[in-house]
Amino acid sequence: MAKILLVEDEKFIADLYSSQLQKAGFEIKVANDGLTGLQMLSTEQFDLLLLDIMLPGMNGLELLRDFKSKNPNSKMVVLLLTNLGQDAVIKEGFDLGAQGYLIKASYTPDQVVQEVKNALSGKSAGTPNPGQ
Amino acid sequence: MPNFLKRFRSELPWKLSAVVFILSLAATLLTSVINFNIIYWPLLPIPILVSLIGAFLISIILKPLDQLAVSPQIQPTPKLSADTHRLEIIVSSLLDGIIVLNKQKGVVLANKVAEKLTGYIASQMVGHSLDTLIILQDKEGNRITSEQLCPATSIPTSQLYSSKDPLTLIGNNRSTTHVRLNCSAINSPEEDLGYIISLEDASSEKQLEAIQLDFVSMASHELRTPLTSIRGYMSVFINENKDKLTKEQTEQLQRIQVSSDQLAAIIDNLLSVSKVERGAFALTAQKTDWNQLLTKVVEDNKLQASSKNISLNLESAEELPQISIDPVRITEVLNNLIGNAINYTKEGGRIDVSSKVDSGELITSVKDTGAGIPSEAIPHLFTKFFRVQGALDSSSNSKGTGLGLYISKSIIDLHKGRIWVESEVGKGSTFSFALPLSWHLPNYQPE
């Protein structure tokens, strides 16, 4: 059973995705801010990281940068979950090692679950890198 | 002490002693010859002794000259020390950090702001090579040495380096700050005056750069957040309860879904227009299966069409090719054209989507049985904020911000394609766009 870490500060959205992913059979843990997310990443192994970018304190990109600098060989799949439309920010996420991104407002929870499954089975997930 | 005075001071006694020695030797020899008719050599110690005593006496006489040498020969005039003082005040009052390097890149001077930015006090820096004191890194983390900043040059007062982006400066005790930096060569033969580095504190700029968001992006993000919850929970609720709901309840919920879908599309449009305006609309080219893309888009719009009892059909044509396009943006165009068709077509109407290859182009059409567009409105259709009014007021739902066609045209133009409309009032409209099959996007840099 794949283990997923969701880092999302909006409670409604965090509850929505974690409940749907649990129903789909994943083990899911939630962090509501960047620092907590980073701490959890350092103490546990996850197969996939669903990472919001706009987070209080440490933002998603800073978290990813920090994690990757300490774990350059990590095989954990990273999907950016964001409502930001700015390509430069998303491109930076890809440069830091994300495999895909999803604009939250454009995906139903079912579709998010499907993208997670795609990503874990090595298929391309979400919207491609806008910077390529 | 002036050089000539130094030389004079050190060489004079010996010159005088030599003169005294020669004179006394000559006198002794002469006396010996005159009195004794021979050179009486045992008399030689006498001139030696005399010249030694003479040298000793001369040193004592010249001692006052030393005092003169120690005290400054050239007294600074009161005006010159006032000027120096003023310059010192000016340099220390600059808002920029100033570091002066000698020709070997050693620090000669550093002002207060430079002290603050580097974490050293000036006296800790003076006499040391700049590279041993601080580390400068560019955006990518590559080190920039003082040699790269200030390459040896014979061109005086030339600007040698100017940072485009803020650099990271790691100073004393690994303190880190961000600076903009310029280096120029000083016009002087003096060893001490090699280069001048000016540093500007860029830390607030860096913070803004961390997540560079313009107002529209922030507003879009804020609007999308509650919308995510609305669409998300609505979707889950309907999935989990569709067997328990009456037909009427299902329809009501679907209308909420459709409305929130439209809201999402409007926000997408606002964001896109903002990018178009800023010239920051980035495209990502991908080999795309056109059939697959078209099928998905039509599927996604079925709910909205059926809520108005409009039949939305895809005429699957002959084998359609793979095409190099930005699939996300072209999907946006299709959603916009189909969405417009739904908006401007009455209940029970019909929308047909079709695609074909013709003369090296992939031509896609969205044909509706809507109200049609008056010919005078057609030239303005693809401009910003234009919505057809007049005869259409009664039938149109006045939805949309009028941005959709403007954005669609921008996207098609970027793909080097064409977009146009054929319409007749009362019969309907056909919006078409052509994408060149041979086009390959030169990869853009996003904003």
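Definitions and limits used
- Residues numbered from 1 in each chain as written.
- Chains lettered and ligands numbered in written order.
- Predicted model: local features only at pLDDT ≥ 70, side-chain atom pairs only at ≥ 80, totals over all residues.
- Heavy atoms only, no water.
- Buried < 20%, exposed > 50% of the residue type's maximum accessible area, 1.4 Å probe, protein only.
- Helix = DSSP H or I, 4+ residues; strand = E, 2+ residues; numbered from the N terminus.
- Pairing = 2+ DSSP bridges.
- Axes fitted to C-alpha atoms, helices over the stretch in contact; angles between N-to-C directions.
- Phe/Tyr/Trp six-rings, centres within 6.5 Å; stacked < 30°, edge-to-face > 60°.
- Lys NZ or Arg CZ within 6 Å of the ring centre and 35° of its normal.
- Core = buried A, V, L, I, M, F, W, Y, C linked by side-chain atoms within 4.5 Å.
- Contact = heavy atoms within 4.5 Å.
- Expected span 1.5 Å × (residues − 1).
- Polar contact = N/O pair within 3.5 Å; in protein donor to acceptor, adjacent residues only side chain to side chain.
- Disulfide = S-S within 2.5 Å.
- Parallel < 35°, antiparallel > 145°, perpendicular 65-115°, else oblique.
- Left-handed = near helix turned anticlockwise from the far one by under 90°.

Chemist: Break down the pairing of strand E15 (residues 428-436) of chain B for me, with residues and values.
Modeler: All names here are of chain B. For E15, the buried fraction is high: nine of the nine residues fall into the buried class. Burial along E15 is two-sided: the face carrying Gly428, Thr430, Ser432, Ala434 and Pro436 and the face carrying Ser429, Phe431, Phe433 and Leu435 are both buried. In this structure, strand E13 (residues 361-368) lies alongside E15, joined through seven bridges in antiparallel fashion. Pairing of lysine 367 across the sheet is with threonine 430, part of E15.

Chemist: Give me the lowdown on the sheet that holds E15 of chain B, citing residues and values where you can.
Modeler: Residues and elements named next belong to chain B. Sheet architecture is open: five strands sit in the order E10-E12-E13-E15-E14, paired in mixed fashion. The open sheet terminates on both sides in strands that have one partner only, identified here as strand E10 (311-315) and strand E14 (418-424). The sheet shows a mean angle of 15 degrees between the axes of neighbouring strands, taken without regard to direction. Sheet topology places strand E12 (residues 350-358) next to E13; eight bridges connect them, and they run antiparallel. Among the inter-strand pairings, valine 353 is bridged to a residue of E13, identified as valine 366.

Chemist: A description of the packing of aromatic side chains should follow, citing residues and the corresponding values.
Modeler: For the structure on display, the rule yields four aromatic pairs over all chains. Consider the rings of phenylalanine 94 of chain A and tyrosine 101 of chain A, whose centres lie 6.2 Å apart with planes at 90 degrees: the pair is edge-to-face. Centre to centre, the rings of phenylalanine 382 of chain B and phenylalanine 431 of chain B are 6.4 Å apart; their planes meet at 75 degrees, and the pair counts as edge-to-face. With phenylalanine 382 of chain B in the loop between E13 and helix H13 (404-414) and phenylalanine 431 of chain B in strand E15, this residue pair connects regions lying 49 residues apart in the sequence. Under the relative-accessibility criterion, phenylalanine 382 of chain B is labelled buried at 13%. Its end group placed over the ring of phenylalanine 46 of chain A, lysine 3 of chain A keeps NZ or CZ at 5.0 Å from the ring centre.

Chemist: Which residues make up the nonpolar core, and what are the values?
Modeler: Residues and elements named next belong to chain B. Ranked by internal contacts, the top residues of the largest apolar core, which has 42 residues, are Trp290, Ile330, Leu334, Ile338, Phe431, Phe433 and Leu435. With seven residues, helix H12 (residues 327-343) is the largest single contributor of residues to this core. Those residues in contact with phenylalanine 433 that sit more than four places away from it in its chain are Trp290, Ile330, Val333, Leu334, Leu337, Leu362, Ile363, Thr364, Ile412, Arg418, Ile419 and Trp420.

Chemist: Please give an account of H12 of chain B that cites residues and values.
Modeler: Residues and elements named next belong to chain B. Between its first and last C-alpha atoms H12 spans 24 Å; for 17 residues at 1.5 Å apiece the expected length is 24 Å, and the two agree. Within H12, 14 of the 17 residues are buried, which leaves the element mostly enclosed by the surrounding structure. The backbone nitrogen of valine 328 has a side-chain oxygen 3.1 Å away, supplied by the residue at the start of H12, namely aspartate 326.

Chemist: I'd like to hear about the side chain of aspartate 352 of chain B, residue by residue, with values.
Modeler: All names here are of chain B. One can find aspartate 352 in strand E12. At 3.0 Å, the side chain of aspartate 352 forms a polar contact with the side chain of asparagine 313. Apart from the residues within four sequence positions on either side, aspartate 352 is in contact with Asn313, Glu315, Ser365, Val366 and Lys367.

Chemist: Please set out the state of the cysteines residue by residue, giving values where relevant.
Modeler: All names here are of chain B. Counted by the stated rule, this structure contains one disulfide over all chains. Paired by a disulfide, cysteine 150 and cysteine 183 hold their sulfur atoms 2.2 Å apart. Residues cysteine 150 and cysteine 183 share a disulfide whose torsion about the S-S bond is about 125 degrees; that sign makes it right-handed. You can see cysteine 150 sitting in the loop between helix H7 (146-149) and strand E5 (159-162) and its partner cysteine 183 sitting in strand E7 (residues 176-185), a full 33 residues away along the chain. Cysteine 183 matches cysteine 150 in its accessibility class, with the two residues each being buried.

Chemist: How would you explain the packing of helix H2 (residues 34-43) of chain A against helix H3 (residues 60-70) of chain A if you had to name every residue and give the values?
Modeler: Residues and elements named next belong to chain A. Between H2 and H3, the least distance of the axes is 9 Å, while the angle of their chain directions is 25 degrees. With respect to H3, the element H2 is oriented roughly parallel. As for the relative orientation of H2 and H3, their crossing is right-handed in sense. Seen from H2, the contacting residues are Gly34, Gly37, Leu38 and Leu41; seen from H3, they are Leu63, Asp66 and Phe67.

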